[in-house]
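Each chain, letter by letter, is given below.
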There are 2 protein chains.
Amino acid sequence: MIVLNPLFSKLDGKMPLGQEERAALAGLIQSKARRLPARQDLYVEGDAISPIRIILDGWACRYEQFADGRRQIVELFLPGDIMGQDCQFVERQDHSACSISALSYALVPRSELDAVARQFPAIGQALLWDASVAAAIHRQWIRSLGRLSATQRIAHLFCELLYRSARAGLARGTTFDMPMGQRDLGDARGLSTVQVNRTVQLLRSAGLLEWRRRIVEISDLPRLTRIAMFRPNYLELAPDSELLMSRSDTGPEIAARTGPEDRDLPLFR
Amino acid sequence: MIVLNPLFSKLDGKMPLGQEERAALAGLIQSKARRLPARQDLYVEGDAISPIRIILDGWACRYEQFADGRRQIVELFLPGDIMGQDCQFVERQDHSACSISALSYALVPRSELDAVARQFPAIGQALLWDASVAAAIHRQWIRSLGRLSATQRIAHLFCELLYRSARAGLARGTTFDMPMGQRDLGDARGLSTVQVNRTVQLLRSAGLLEWRRRIVEISDLPRLTRIAMFRPNYLELAPDSELLMSRSDTGPEIAARTGPEDRDLPLFR
DNA sequence: CGTGCCGTTGAACTTGGTCAAACGGTGTGG
DNA sequence: CCACACCGTTTGACCAAGTTCAACGGCACG
């Protein structure tokens, strides 16, 4: 039987489900599992609307394709995330989606998910909660792309991905699996691969993180958090998360300023 | 009695409501109207969650405040838009919101809106549809901030605002009310006011639009659309909208490339 | 052992930011 | 009525972050 550990792990923080609800969701995805290699399109712009996908393993993304070959990733999906819930009213996709790593997901017809959500109101609430967190992440991306420097944008995304991995039960301490390449990172942050590379080198040499062979370890989370002006509250982490224990005491009121000890590093604006 | 013309006008395109539903919504906002001068905060980061606001007249926005005084607008609200629907699960706001122009809105407790949505499923569906369009707008903002030049970003926002004004029944042809200043425009597009000014001048001198005293007239919508690589489909306009009649025949598959006649203009990337 | 992708590095270039000052309309008080 | 302050817009000069182009190295894979 297929299990939904990343999804349950994520929900346990704020919207825990009972045994019945878990069983209902698990039953929903029975015999609906699909697999896809890395870097394959799930759908492209103009395609008919597709069923909902619950990510079981691997990463995926939504992106906007440009005529000149460039692209912009607009949303990332980690295990436990739900794709396409917000597209029930359009007939055709206005964007594309692809796998980042090898992917395993459940393809659930909208009608079936709706039926389960009606039968178990807690599931309906959990879906709404998940959508509201996704919207909060969108707002943070806009903030990041609009006003942060390249260094801060990359740092912010690493912070976000660490916390999201941890929520899904996929991080060990401050280490997590990072299936994106530097090109993907640039497509998500609106940066060239060259700039991504230079920035990652900077973060590495500043002792903030290590990244080798798909494994990222955040070596100095408090400092990375400060540099990125990252405030994890929008992700609504479980209050007992070990990551929150070690967080730097930035006031919640206003986006944190970088500390004086970061002034010497270039590109930190 | 207060009417909700902008909201109904918006919904009429894709999710029209019957007389009963309209009356129910109208009754909901009775005696709940509020007024606010321009540039006043509705709430700030850290505030307790507030009831839902249905914009009746004027513009508002959500924004992220930085410690150094800069800010990033992450969402714009026009008449007929609904604020705060996606915040029902958090206790504290993770961002701020303020009026742009003088504002008139209805302050509706979430419980009452939910009750009406349960009683009239069409209203519930309409709310979901509205949220899905808001999410699509978010994705377009990310695309815009991530990969478009300053000229394209500004042009894209003008296109979006024209279409959204038209949907709300607030545009006459290609003319609409624009209560944002150039500083606000920069805060929404992640640009400095200086750059906004130069860009607006460029668009003006290219004969693409006129903007005087809060009134914007798009003089050459097809060309502005092409320059901005704007595809209106994500806004889910009513199929009979006059704006769609005049649209340039960009293929829906791939974001349009700027035409050759725009190559001579600077900053069009 | 070639081939291709990804990461890395250097150099020239361009966009947009920063700083500073002037301009123009509007409201206010003398 | 005029002087003044204030606010948003406009303009110029300079600067810096990030892009583009190009080449090279390493590693995986066929």
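Residues numbered from 1 in each chain as written. Chains lettered and ligands numbered in written order. Predicted model: local features only at pLDDT ≥ 70, side-chain atom pairs only at ≥ 80, totals over all residues. Heavy atoms only, no water.

The name an unreviewed UniProt entry assigns to chain A is Crp/Fnr family transcriptional regulator, from the organism Sphingomonas koreensis.

Engineer: Please set out the overall build of chain A residue by residue, giving values where relevant.
Structural biologist: Helices and strands together make up the secondary structure of chain A, namely 9 helices and 12 strands. Per-residue burial over chain A gives 60% buried out of 269 residues. (Helix = DSSP H or I, 4+ residues; strand = E, 2+ residues; numbered from the N terminus. Buried < 20%, exposed > 50% of the residue type's maximum accessible area, 1.4 Å probe, protein only.)

Engineer: Could you give an account of helix 1 (residues 5-12) of chain B, with specific residues and numbers?
Structural biologist: When helix 1 of chain B is considered as a whole, its buried residues turn out to be Pro6, Leu7, Phe8, Lys10 and Leu11 of chain B. Contacts made by the buried residues of helix 1 of chain B are with helix 2 (19-29), strand 3 (52-57), helix 4 (121-147) and helix 5 (150-167) of chain B. (Contact = heavy atoms within 4.5 Å.)

Engineer: Go over the relation of the copies chain B and chain A with me, naming the residues and quoting the values.
Structural biologist: The two copies are related by a screw operation: chain B maps onto chain A through 180° of rotation and 0.0 Å of translation along the axis, at an RMSD of 0.0 Å. Here the copies are linked by what is in effect a two-fold axis. A share of 100% of interface residues in chain B that are also interface residues in chain A marks the association as one of identical surfaces. (Least-squares fit on C-alpha atoms with pLDDT ≥ 70 in both.)

Engineer: Could you give an account of the interface of chain B and chain A, with specific residues and numbers?
Structural biologist: Taken together, the contacts link 52 residues of chain B with 53 residues of chain A. Both faces combined, the contact of chain B with chain A buries some 4600 Å², and carbon together with sulfur accounts for 54% of it. Contact with chain A buries surface across chain B, with Phe89, Arg139 and Arg147 of chain B losing the most and accounting together for 19% of the total. On inspection of chain B and its partner chain A, the count reaches 10 salt bridges. Seen at the junction of chain B and chain A, the total is 18 residue pairs in polar contact (both at pLDDT 80 or more). Here the residues of the side of chain B that touches chain A sort into 21 nonpolar, 12 polar and 19 charged. (Buried area = accessible area lost by both parts, 1.4 Å probe. Salt bridge = Lys/Arg side-chain N within 4 Å of Asp/Glu carboxyl O. Polar contact = N/O pair within 3.5 Å; in protein donor to acceptor, adjacent residues only side chain to side chain. Nonpolar A, V, L, I, M, F, W, Y, C, P; charged D, E, K, R; others polar.)

Engineer: Would you mind going over unusual backbone geometry in detail, with residue names and values included?
Structural biologist: Despite not being glycine, Met229 of chain A has its phi angle at roughly 50°, a positive value. For Met229 of chain A, the position within the fold is in the loop between helix 8 (221-228) and helix 9 (242-245). Despite not being glycine, Arg214 of chain B shows a phi value in the positive range, around 70°. Tracing the backbone through its elements, the reader meets Arg214 of chain B in the loop between strand 10 (209-212) and strand 11 (215-218).

Engineer: Outline the nonpolar core, supporting the account with residue identities and numerical values.
Structural biologist: Ranked by size, the top nonpolar core spans 147 residues in total, and within it Phe158 and Met178 of chain A together with Phe158, Phe176 and Met178 of chain B carry the most contacts. Sequence-distant contacts of Met178 of chain B, that is, excluding residues within four places in its chain, are made with Trp59, Phe158, Leu161, Leu185, Trp211, Arg214 and Val216 of chain B. (Core = buried A, V, L, I, M, F, W, Y, C linked by side-chain atoms within 4.5 Å.)

Engineer: Run through the environment of Tyr105 of chain A, naming residues and quoting values.
Structural biologist: All names here are of chain A. Here Tyr105 shows up in strand 8 (residues 103-108). Sequence spacing of Tyr105 and Gly58 is 47 residues, and the spatial spacing of their C-alpha atoms is 8.5 Å. Setting aside chain neighbours within four positions, we find Tyr105 in contact with Lys32, Ala33, Arg34, Leu36, Leu42, Arg53, Ile54, Ile55 and Leu56.

Engineer: Break down empty space enclosed by the protein for me, citing the residues and quoting the values.
Structural biologist: As enumerated under the stated definition, the model contains 7 cavities of 30 Å³ or more in all. Lining of the largest cavity is provided by Ser132, Ala136, Arg139, Tyr234 and Glu236 of chain A together with Asp86, Cys87, Val90, Arg92, Gln93 and Asp94 of chain B. Broken down by class, the residue content of the lining of the largest cavity amounts to 4 nonpolar, 2 polar and 5 charged. The volume enclosed by the second largest cavity comes to roughly 70 Å³. Lining the second largest cavity are Leu7, Leu11, Leu17, Leu25, Ile54, Ile82, Leu113, Ile123, Ala126, Leu127 and Asp130 of chain B. Elements with a contribution of two residues or more to the lining of the second largest cavity: helix 1 and helix 4 of chain B. (1 Å grid on protein atoms, 1.4 Å probe; cavity = no way out; pocket = protein on both sides within 12 Å on 5 of 7 lines; lining within 4 Å. Points joined across faces, edges and corners; volume = space filled by probe spheres on them.)

Engineer: Help me get a handle on the side chain of Ser132 of chain B, residues and values and all.
Structural biologist: Examined against the element boundaries, Ser132 of chain B turns out to sit in helix 4. Owing to a relative accessible area of 9%, Ser132 of chain B belongs among the buried residues under this scheme. When near neighbours in sequence (up to four residues on either side) are disregarded, Ser132 of chain B contacts Asp86 and Phe89 of chain A together with Glu236 of chain B.

Engineer: Just give me the short version of the protein's contact with DNA strand D, but keep the residues and values in it.
Structural biologist: If you check the shell around DNA strand D, you find 17 residues, and the closest are Ala150 and Ser192 of chain A together with Gln182, Asn197 and Gln201 of chain B. Each atom of DNA strand D within 4 Å of the protein was assigned to sugar, phosphate or base; sugar and phosphate come to 72%. Measuring from a phosphate oxygen of DNA strand D, one finds a side-chain N or O atom of Gln201 of chain B at 2.5 Å. Breaking the surface near DNA strand D down by element, the ones donating at least two residues are helix 7 (193-205) of chain A together with helix 6 (182-189) and helix 7 (193-205) of chain B. For the surface near DNA strand D, the element with the most residues is helix 7 of chain B, which contributes 5 residues. Of the residues assigned to the surface near DNA strand D, the class counts are 4 nonpolar, 8 polar and 5 charged. (Near = heavy atom within 4 Å.)

Engineer: So what's going on with the packing of aromatic side chains? Residues and values would help.
Structural biologist: Counted by the stated rule, this structure contains 6 aromatic pairs over all chains. Geometrically, the ring pair formed by Tyr163 of chain A and Phe230 of chain A is tilted, given 5.2 Å between the ring centres and 50° between the ring planes. Here the residue Tyr163 of chain A occupies a position in helix 5 (residues 150-167), and Phe230 of chain A occupies one in the loop between helix 8 and helix 9, the gap between them amounting to 67 residues. The lysine or arginine in question, Arg22 of chain B, covers the ring of Phe8 of chain B, its NZ or CZ lying 4.7 Å from the ring centre. (Phe/Tyr/Trp six-rings, centres within 6.5 Å; stacked < 30°, edge-to-face > 60°. Lys NZ or Arg CZ within 6 Å of the ring centre and 35° of its normal.)

Engineer: Could you give an account of the UniProt feature "domain: HTH crp-type" (unreviewed entry) in chain A, with specific residues and numbers?
Structural biologist: What UniProt calls "domain: HTH crp-type" (unreviewed entry) maps, in this numbering, to residues 148-222 of chain A. Annotated as 55% helix and 17% strand, the span residues 148-222 of chain A places its first and last C-alpha atoms 18 Å apart. (UniProt positions renumbered as here; feature names shortened; annotations may be inferred.)

Engineer: I'd like to hear about the sheet that holds strand 10 of chain B, residue by residue, with values.
Structural biologist: All names here are of chain B. Ordered by their spatial adjacency, 3 strands build an open sheet running 9-11-10, and the pairing between neighbours is antiparallel. Looking at strand neighbours, the two that pair on one side only are strand 9 (175-177) and strand 10, the edges of this open sheet. Adjacent strand axes in the sheet meet at a mean angle of 15°, parallel and antiparallel pairs treated alike. Sheet topology places strand 10 next to strand 11; 4 bridges connect them, and they run antiparallel. (Pairing = 2+ DSSP bridges. Axes fitted to C-alpha atoms, helices over the stretch in contact; angles between N-to-C directions.)

Engineer: Give a description of the side chain of Gln140 of chain B that names residues and reports values.
Structural biologist: Secondary-structure assignment places Gln140 of chain B in helix 4. Here Gln140 of chain B falls in the buried class, since its relative accessible area comes to 2%. Not counting chain neighbours up to four residues away, the residues in contact with Gln140 of chain B comprise Glu64 of chain A together with His156, Arg231 and Tyr234 of chain B.

Engineer: Describe the protein's contact with DNA strand C, and please don't skip the residues or the numbers.
Structural biologist: Lining the immediate surroundings of DNA strand C are 19 residues, of which Gln182, Asn197 and Gln201 of chain A together with Ala150 and Gln195 of chain B lie closest. What you see for DNA strand C is that sugar and phosphate hold 72% of its atoms within 4 Å of the protein. A distance of 2.9 Å separates a base nitrogen of DNA strand C from a polar atom in the side chain of Arg198 of chain A. Interatomic distance of 3.1 Å between a side-chain N/O atom of Arg204 of chain A and a phosphate oxygen of DNA strand C. For the surface near DNA strand C, the elements supplying multiple residues, two or more each, are helix 6 (182-189) and helix 7 of chain A together with helix 7 of chain B. When residues in the surface near DNA strand C are grouped by element, the largest group, 5 residues, is from helix 7 of chain A. Of the residues that constitute the surface near DNA strand C, the class distribution is 5 nonpolar, 8 polar and 6 charged.

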